Amino acid sequence: MSTPVHRTPARPSVATLASARQRREGSGSRGASPSGSSAEHAFLRFQSSVGNRAATAAVQRVRSASGERAAEGAGTVREEATGGGGGADGARQRKSYRDRIAALLDRFKKNLEPTDNAVKGGQTPTNAALTHQAAATADGALKNDSAISGTSAGGWNLLTEATGVVVSGMDAYKSMKDSRRNEDGAEHHTANRRARTKGTDAAVGAVSSGSYGAAIAKEATKVQGVANAATAAEASGALSAVTGLAKGARALVRVGGAASKYKNLKDLGDANVVNAELLARLDREVHGAVNRAEVARAEVYARLDAAEAYPHEGWQQGVDAAFATFEREFRGIRPAEEAYRRAVKDTADLSRVQKYAMKKQAAKIGKETFGGVMGEPVKAAAGVMTLVTATGALASNPAGWILAAVGAGLVLGTTGYKAGRAATKRYEEVRHPERWAPESEAPAEAAPRTDSLKHALKFWKKVSKGERQAMARKIYGLAAGPDIPGSGNTTPELRQSARELLIALKAGPAQHKLDAEAWELTLNDPAKRDGWVKEIAEQLASG
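Treat the numbers as computed from the prediction; the structure is a model and nothing was measured.

J.: Summarise the overall build of the protein chain; cite the residues concerned and give the values.
T.: Scanning the protein chain from N- to C-terminus turns up 18 helices and 0 strands. By the burial criterion, 31% of the 543 residues in the protein chain qualify as buried. Restricting the contact set of the protein chain to residue pairs at least 6 apart, pairs at least 24 apart contribute 75%. Accessible surface computed for the protein chain: about 31400 Å², of which carbon and sulfur atoms make up 58%.

Right, dumping it as structure tokens:
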């Protein structure tokens, strides 16, 4: 039985369509709505006047406009149903506003900092010296001028510090929420440590703001010549001393943390020495593979010579078997050589990142010691001298302003060093992008020297592609598991050494609230790579 053929129905003729339209119009005159009939007649008249193509384009425009209005109406209905900006979209919008406000405040603070540092390092000690001179010479005009200058300096310091308190508080709150959302792992530790750090920054900044407020009040009483100037001076000196001691104590804690990391890193030993036996074993394996291949090759020639000298049945099979052995041994040379070369490279990289980490901790110890442990307590001592000289009994003693100058010089010198280093890194980031670019990405085009200098002066920008980020990627690549691209050929011994480096950097299982096995699994998870790189970069910079 044959399969029936289904014929494609012929397209209706123009005459058929015309008669059908007339019947539809006729029935429409009896049962259809007048609006539908009038609209169709209007469209037919429009079509006959402008042509089919123009009519079709016009209809499409009308439909598009109608669809947009319908979508807007539906969006309005949804917005009314969710209470305006409520729901997930509203939460994301509020979060976006918070992030933008925090970013603007952070940039505002960083724009204030250069002038604030100049005030702290230059204008404040100068005011102290002028105040001493005015007290020693009973010069009322000089005393008034120095008080006015001190009021302006305190106002600028207070504005900068208060803005920093708000920025640190918002950052601490955000980091605390991130820490609660990620209960363990690298993301948890990074956010938790940042929440503590920024929270402490906000607390110390609040105390410092109170100190600057008292300093403004002290200078204002001098300007007005009120009777309670000594009381204001005492309050300002007390708060200044408390602030200096608090900042010095915090710097001392940071020095202790950096020293602990430095000791842990040093106790690991030089990677070249620690892994010397591994490299020697891999080198022996290369030589062994080469020797076995040489022996197999000699066996092939021996069998060929024997077959030529004493032809016998089955010589071909013997030569083939010897050649197969030689081929197998020869193919084993390359993997052994690649394993040795990879181990040599990984050992050199491990030694380099370990030395870099130690250098970062040593630099942190130096900066915190000079700027915090020494500079801030000296400023606190200047505040104590203010208390002593408040009554005027020791007004001719220049110890107060000398201590203020020394403390400010130490703090300003440390700040200047940090600023110079940051500017250099920003310059290299755009001038030599190939230097620290990720190995898996093509480096960006190098910027001209003028543009690089302009970028270096943007002190409010952070370095995103510098040496520290490159070292963090290198450490992660060495410590990561075999499932991470580029890390599969790392030998287990070197992988373990890199993980011991992570533990020395305080990024181990204990800090991540994980056991050793779960911690190692996070290192072998490609989805956690970015979190790990960020965590390592943070730990390289912190104490």
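Read on for the rest.
J.: Outline the pattern of salt bridges, listing residues and values.
T.: Tallying each qualifying case throughout the model produces 23 salt bridges. Across the pair R281 and E285 runs a salt bridge, and its minimum N-O distance is 3.1 Å. In this pair, R281 and E285 are both assigned in helix α9 (residues 276–309), 4 residues apart and thus about one turn of the helix distant. For R281, a relative accessible area of 31% gives the class partly exposed. Among the ionic pairs, D349 bridges to K474, the shortest N-O distance being 3.6 Å. Of the two residues, D349 is situated in helix α11 (residues 333–389) and K474 in helix α14 (residues 467–479); the sequence distance between them amounts to 125 residues. For the pair D349 and K474, a shared accessibility class is recorded, and that class is buried. Each member of the salt-bridge network shares a partner with another, and the members are D201, R250, R254 and E368.

J.: Summarise the packing of α14 against helix α15 (residues 492–504); cite the residues concerned and give the values.
T.: Interhelical geometry of α14 versus α15 gives an angle of 130 degrees and a closest axis separation of 7 Å. Classed by the angle they form, the pair α14 and α15 counts as oblique. Residues I475, L478 and A479 of α14 form the contact with α15, whose own contacting residues are L494, R495, A498, R499, L501 and L502. Its residues placed into classes, the contact of α14 with α15 shows 7 nonpolar, no polar and 2 charged.

J.: Explain the packing of aromatic side chains to me, and be specific about the residues and the numbers.
T.: Here the distance between the centres and the angle between the planes together describe a pair of aromatic rings. For the coordinates displayed, the defined rule picks out 3 aromatic pairs. Ring geometry for F326 and F330: centres 5.9 Å apart, planes at 35 degrees, overall tilted. Of this pair, F326 and F330 are both found in helix α10 (residues 315–331), 4 residues apart, which corresponds to roughly one turn of the helix. Aromatic side chains W519 and W532 sit 6.1 Å apart centroid to centroid with 70 degrees between the ring planes, which places their arrangement in the edge-to-face category. Taken together, the residues span a long stretch of sequence, with W519 in helix α17 (residues 516–523) and W532 in helix α18 (residues 529–541) at a distance of 13 residues. On the basis of relative accessible area, W519 is assigned to the buried category, the value being 3%. Judged by relative accessible area, W532 falls into the buried class, the value being 1%. Ring-pair connections join several aromatic residues into one group, and the members of that group are F323, F326 and F330.

J.: Break down the environment of R284 for me, citing the residues and quoting the values.
T.: Considering the arrangement of structural elements, one finds R284 in helix α9. Separated by 56 residues in the primary sequence, R284 and Y340 place their C-alpha atoms 9.5 Å from one another. For R284, the side chain forms a polar contact with the side chain of E277, separated by 3.4 Å.

J.: Break down the environment of R431 for me, with residues and values.
T.: Relative to the helices and strands, R431 resides in helix α12 (residues 399–431). Along the primary structure R431 and R449 are separated by 18 residues, whereas in three dimensions their C-alpha atoms are 6.8 Å apart. Filtering out sequence-adjacent residues up to four positions away, R431 remains in contact with A446, A447, P448, R449 and S452. In this structure the side chain of R431 is engaged in a polar contact, spanning 2.9 Å, whose partner is the backbone oxygen of A447.

J.: Quick rundown of helix α13 (residues 449–456)? Include the residues and the values.
T.: Those residues of α13 that fall on the buried side of the exposure criterion are S452, H455 and A456. Angularly, the buried residues of α13 cover 100 degrees about the axis, an arc narrow enough to put them on a single face.

J.: Provide a residue-level description of the nonpolar core, including the pertinent values.
T.: Core analysis: the biggest nonpolar cluster contains 35 residues, and L350, I475, Y476, L502, W532, I536 and L540 have the highest contact counts within it. Of all the secondary structure elements, the ones that give two or more residues to this core are α9, α11, α14, α15, α17 and α18. Excluding anything up to four places from it in sequence, W532 contacts A186, Y476, L502, A507, H512, W519, T522 and L523.

J.: Go over a positive patch on the surface, please, and point to the residues and values.
T.: The grouping of R107, K454, K458 and K461 at the surface amounts to a positive patch. The residue K454 is located in helix α13 in this model.

Cut-offs used in this document
Residues numbered from 1 in each chain as written. Predicted model: local features only at pLDDT ≥ 70, side-chain atom pairs only at ≥ 80, totals over all residues. Heavy atoms only, no water. Helix = DSSP H or I, 4+ residues; strand = E, 2+ residues; numbered from the N terminus. Buried < 20%, exposed > 50% of the residue type's maximum accessible area, 1.4 Å probe, protein only. Contact = heavy atoms within 4.5 Å. Areas by Shrake-Rupley, 256 points an atom, 1.4 Å probe, with all protein chains shown as cover. Salt bridge = Lys/Arg side-chain N within 4 Å of Asp/Glu carboxyl O. Axes fitted to C-alpha atoms, helices over the stretch in contact; angles between N-to-C directions. Parallel < 35°, antiparallel > 145°, perpendicular 65-115°, else oblique. Nonpolar A, V, L, I, M, F, W, Y, C, P; charged D, E, K, R; others polar. Phe/Tyr/Trp six-rings, centres within 6.5 Å; stacked < 30°, edge-to-face > 60°. Polar contact = N/O pair within 3.5 Å; in protein donor to acceptor, adjacent residues only side chain to side chain. Arc of directions from axis to C-beta. Core = buried A, V, L, I, M, F, W, Y, C linked by side-chain atoms within 4.5 Å. Patch = residues over 30% accessible without salt bridge, like charges linked within 9 Å, V, L, I, M, F, W, Y side chains within 5 Å. Lys, Arg positive; Asp, Glu negative; His and termini not counted. Charge placed at Lys NZ, Arg CZ, Asp CG, Glu CD.

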